[in-house]
Amino acid sequence: MTTTLRETNVLVIGSGPAGYTAAIYAARANLKPILISGHEPGGQLTITTDVENYPGFATAIQGPWLMEQMRDQALHVGTEMLVDYVSKVDFTTHPFKAWTEGGLEIQARTVIICTGAQARWLGLPSEETYRGMGVSACATCDGFFYRNKHVAVIGGGNSAVEEALFLTNFASKVTLIHRRDSLRAERIAQDRLFNHPKIEVIWNTEIEEITGILPGGDVPPGVTGMILRQVKTGALSTIEVDGVFVAIGHDPATKVFKSHVDMDDSGYILTAPDSTVTSIPGVYAAGDVKDKIYRQAITAAGMGCMAALEADRFIHGVLADAEKAEAA
Ligand code: NDP
């Protein structure tokens, strides 16, 4: 395949709220950004339904619609958007280089990485069936819909414990189900969990199947329960729940950037405090690709904005000075 060379001030990689916001700010700063959207433009919100916590909308909006609006806004202010996938980067020389599956070599004065993260799922067919109909990977997004209901949280890390505690604000009962007999969450979070009157923990147990009512009948569709398997004995049992929150971790989409920017042990990109700058000046990371604590569309969008402002300052500060010095 022949390679086509492109040049840009700002290369935005990824098309979730962080990427689109970075592109909107970069375009409005006249930086003519190129955004590479990846295989599934729009990111995690495209697989969500109701969004009630994105400010600016008095009533619930649909996740895919919100992402279309962000995309159109980024286009409208002058972003060049390419549906392509960055498969290789080189940040050792300036301008930075990125190669795409579609045959582009992009030379970029700054790069903003917004490739996001994906929730891990159990991998059960029934989990897939009821996703968005009682199965969720985000209590902050969907907990509100379970007022006075019984919900289950799967997992034993900080996310699972935080989600379980958060869900007690709405649910009448929260059952945390973990595959081992101890949690890996921080001690203080565990203490809160164990002392909470609404929370029950089921140990050494995996999910065999999620049961529910399929769409198309007279009764509203949704989750009604689960079949559980005791890990040690293999014994099966059932539990009635109205919602299942899977909280078994996330995988940041950072494989392409491994060894090019510093990351933590889980593959999240490290950035300087109060900044989106990575270990390479001129390369920024925004959104879930660098954030394992908040993971919200609005926080990702905020970080995208920060990254574009930082890229703008870098171009008009450090790079402009260096280019002046070179010309002198
Ligand atoms: P973790 O990887 O820490 O925990 C995942 C949990 O899910 C583990 O208990 C694991 O079980 C369980 N699990 C994994 N796969 C399966 C499976 N197939 N079936 C059943 N259970 C499974 O993920 P988290 O999202 O909780 O946290 C990720 C990182 O983010 C951590 O470093 C955490 O500390 C951090 N974090 C920090 C927060 C904060 O500071 N406020 C909030 C949330 C996360 P097992 O224990 O048996 O391996």
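Residues numbered from 1 in each chain as written. Predicted model: local features only at pLDDT ≥ 70, side-chain atom pairs only at ≥ 80, totals over all residues. Heavy atoms only, no water.

What surrounds the ligand is a group of 15 residues, the closest being Asn158, Ser159, Glu162, Arg180 and Arg184. Between an oxygen atom of the ligand and a side-chain N or O atom of Ser159, the distance comes to 2.5 Å. Take Glu162: an N or O atom from its side chain is 2.7 Å from a nitrogen atom of the ligand. For the ligand, the protein covers 76% of the area, taking 910 Å² as the surface of the free molecule. Looking at the shell around the ligand, its residues break down into three nonpolar, seven polar and five charged. (Near = heavy atom within 4 Å. Polar contact = N/O pair within 3.5 Å; in protein donor to acceptor, adjacent residues only side chain to side chain. Areas by Shrake-Rupley, 256 points an atom, 1.4 Å probe, with all protein chains shown as cover. Nonpolar A, V, L, I, M, F, W, Y, C, P; charged D, E, K, R; others polar.)

Across the junction of His94 and Pro95, the peptide omega takes the value 0°, indicating a cis bond. With respect to the helices, strands and loops of the structure, Pro95 is situated in the loop between β6 (86-90) and β7 (96-100). Even without being glycine, Ser259 reaches a positive phi, approximately 70°. Secondary-structure assignment places Ser259 in the loop between β18 (250-252) and β19 (283-285). (Helix = DSSP H or I, 4+ residues; strand = E, 2+ residues; numbered from the N terminus.)

Once that is clear, we can look at the pairing of strand β17 (residues 243-246). Residues Gly243 and Phe245 of β17 are buried on one face, and the alternating residues Val244 and Val246, pointing to the opposite face, are buried as well. Sheet analysis places strand β10 (residues 135-136) next to β17, joined by two bridges and oriented parallel. Of the residues in β17, the one forming a bridge with Ser136 is Phe245. Taken together, the four bridges between strand β11 (residues 150-154) and β17 define a ladder with parallel strand orientation. Paired with Ala152 across the two strands is Val244, which belongs to β17. (Buried < 20%, exposed > 50% of the residue type's maximum accessible area, 1.4 Å probe, protein only. Pairing = 2+ DSSP bridges.)

Moving on, we get to the environment of Arg313. Locating Arg313 in the fold gives a position in helix α7 (residues 297-327). A relative accessible area of 61% means that Arg313 is categorised as exposed.

A separate point is the state of the cysteines. Each disulfide consists of one covalent bond between the sulfur atoms belonging to two cysteines. Counting across every chain of the model gives one disulfide. Not engaged in a disulfide, the cysteine Cys114 finds its nearest cysteine sulfur in Cys305; these two sulfurs lie 12 Å apart. On the accessibility criterion, Cys114 (5% relative accessible area) is buried. (Disulfide = S-S within 2.5 Å.)

Taken as a whole, this structure holds nine salt bridges when the rule is applied. Measuring nitrogen to oxygen at the nearest pair gives 3.2 Å for the salt bridge that ties Glu206 to Arg229. Residue Glu206 is located in strand β14 (residues 205-213), and its partner Arg229 is located in strand β15 (residues 222-230); the two are separated by 23 residues in the primary sequence. Overall, Arg229 belongs to the partly exposed group, its relative accessible area being 26%. In this structure, a network of salt bridges that share partners links the residues Glu206, Glu208 and Arg229. (Salt bridge = Lys/Arg side-chain N within 4 Å of Asp/Glu carboxyl O.)

Here we take up the nonpolar core. Val10, Val12, Tyr54, Ile112 and Tyr284 are the most contacted members of the largest nonpolar core, which totals 33 residues. Of all the secondary structure elements, the ones that give two or more residues to this core are β1 (4-13), α1 (17-28), α2 (63-76) and α7. Here this core takes ten residues from α7, the largest share from any one element. (Core = buried A, V, L, I, M, F, W, Y, C linked by side-chain atoms within 4.5 Å.)

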